[in-house]
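# An overview of the molecular structure
One letter stands for each residue in the lines below.
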Amino acid sequence: MKALVSPTLFRNRVAVKISFFINGFILANWVSRLPRIQELYGADNGTIGLVLLGLSLGAVCAMPFTGWAIIKNGSRRITLVSLLMYCILVPLIPYMSYIPVLIVLYIAMGVFTGMLDVAMNAQAVMIEKQYGKPIMTSFHAFFSIGMAIGAWCGALFSKLSVELIQHFGIIVFFSLIGVIWASRNLIYDKPDPSLKHEGPLFRLPNRTLISIGIITFCCMLGEGAMSEWSVNFMENVALSGKSLAPIALSAFATAMTIGRLLGDKLRASAGDQKMIMGGGAIATVGLLAALIIATPFAGIAGFFLVGLGLSTIVPIAYSISGHTKDLPPGVGLAMVTTVGYSGFLIGPPVIGFIADWQTLRIALAGVAVLFAIMTILAFRYKQNS
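Owing to the predicted nature of the structure, the values given are computational and were not obtained by experimental measurement.

Let us now look at the overall build of the chain. A tally of helices and strands in the chain yields 14 helices and zero strands. Across the chain, helices and strands are ordered from the amino to the carboxyl terminus as α-α-α-α-α-α-α-α-α-α-α-α-α-α. Per-residue burial for the chain yields a buried fraction of 58% across its 385 residues. Looking at the chain as shown, the accessible area adds up to about 15800 Å², and 69% of this sits on carbon and sulfur atoms.

Next comes the structure, spelled out in structure tokens:
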């Protein structure tokens, strides 16, 4: 017999899913317009890579301290502030006068996306504990749903030649409606002022979490590469039309969604290590196929396989880190996300630099190598667990 879920807990779960959705939805919308942003500022791949590096620096610098911020303020408050600031900052992208100012904007965006990633996952861990069963991948599925719908929106706005100002204003308006609803239904988790936490509030990953963090790093670097370079790959390497190119990003996000919707049941039956190893192998094959064949439909199919392979790895890693004994969920998550999320954000600008030095195809081939390494590390982790 299934345990009854209270209406309050159900609303909590929906509110966290909305937070994940908005994060993915806004991300996919501005990423799908990167070629237009690049054109607007007259920037080459290396310059756009530098802009994205600002996003990386902001997030990676903010993440280690987010665990402390959650302890002091609660993950609900950090989630809402981060969502609100993200919605405010993204529409400013087309208004920047010069590249250096654009970089500063992306640094600020990185700070709040980094904080949001930790805080909303802390909310998800608390809900998973109350449910008493694996449900983490279902939250991440809504990030992928948001990305898929966001990519389709990006393709539509691009096809209709809608300017960035109108595009970003429209998607942020609808996102704010979700933020308002979530503000009333996220878990109130501000700790009791009398509660004492032993040890420093800022901590670096320990040995156990570093091994999970490295696997997360490889996976999230791949997610970042697909999110921010798949459209450029389709246009410039696979030579697809501008309206077809964002479909590869949507295929990737759709596959991530399918994998995450099914992931909790598969995880319960197969186990964490088999899920990571199998996912890594599928992602490697998919990316290599896209790079070697390099046609529009091969690219779409290949990115779909990459999304399917990567879909459950990060949710599993976050669940493990969030359930670490003797650590509040926010602190354990901050440890792993500091290592793993740096891959999501540092990877894309590095790919841009390598693409200018060599080619985008060679740069993405390096990502396929990391997928293979991730698969091997998962096998070794299994042997040592």
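Looking now at the side chain of Arg260. On the secondary structure map, Arg260 appears in helix 9 (residues 245-270). Residue Arg260 is classed as buried on the basis of its relative accessible area, which comes to 1%. Engagement of the side chain of Arg260 in a polar contact is seen with the side chain of Glu223, the distance being 3.5 Å. Not counting residues up to four positions away in its chain, the partners in contact with Arg260 are Thr137, Ser138, His140, Ala141, Phe143, Ser144, Glu223, Ser311, Val314 and Pro315.

Here we come to unusual backbone geometry. For Ser161, which is not a glycine, the phi torsion comes out positive at approximately 55°. Within the secondary structure layout, Ser161 lies in the loop between helix 6 (136-159) and helix 7 (164-183). We classify Ser161 as exposed; its relative accessible area is 56%. In this model, Leu239 sits at a positive phi of 60°, which is unusual for a non-glycine residue. Tracing the backbone through its elements, the reader meets Leu239 in the loop between helix 8 (207-236) and helix 9. Accessibility expressed as a relative area gives 64% for Leu239, which makes it exposed.

The rules behind the values
- Residues numbered from 1 in each chain as written.
- Predicted model: local features only at pLDDT ≥ 70, side-chain atom pairs only at ≥ 80, totals over all residues.
- Heavy atoms only, no water.
- Helix = DSSP H or I, 4+ residues; strand = E, 2+ residues; numbered from the N terminus.
- Buried < 20%, exposed > 50% of the residue type's maximum accessible area, 1.4 Å probe, protein only.
- Areas by Shrake-Rupley, 256 points an atom, 1.4 Å probe, with all protein chains shown as cover.
- Polar contact = N/O pair within 3.5 Å; in protein donor to acceptor, adjacent residues only side chain to side chain.
- Contact = heavy atoms within 4.5 Å.

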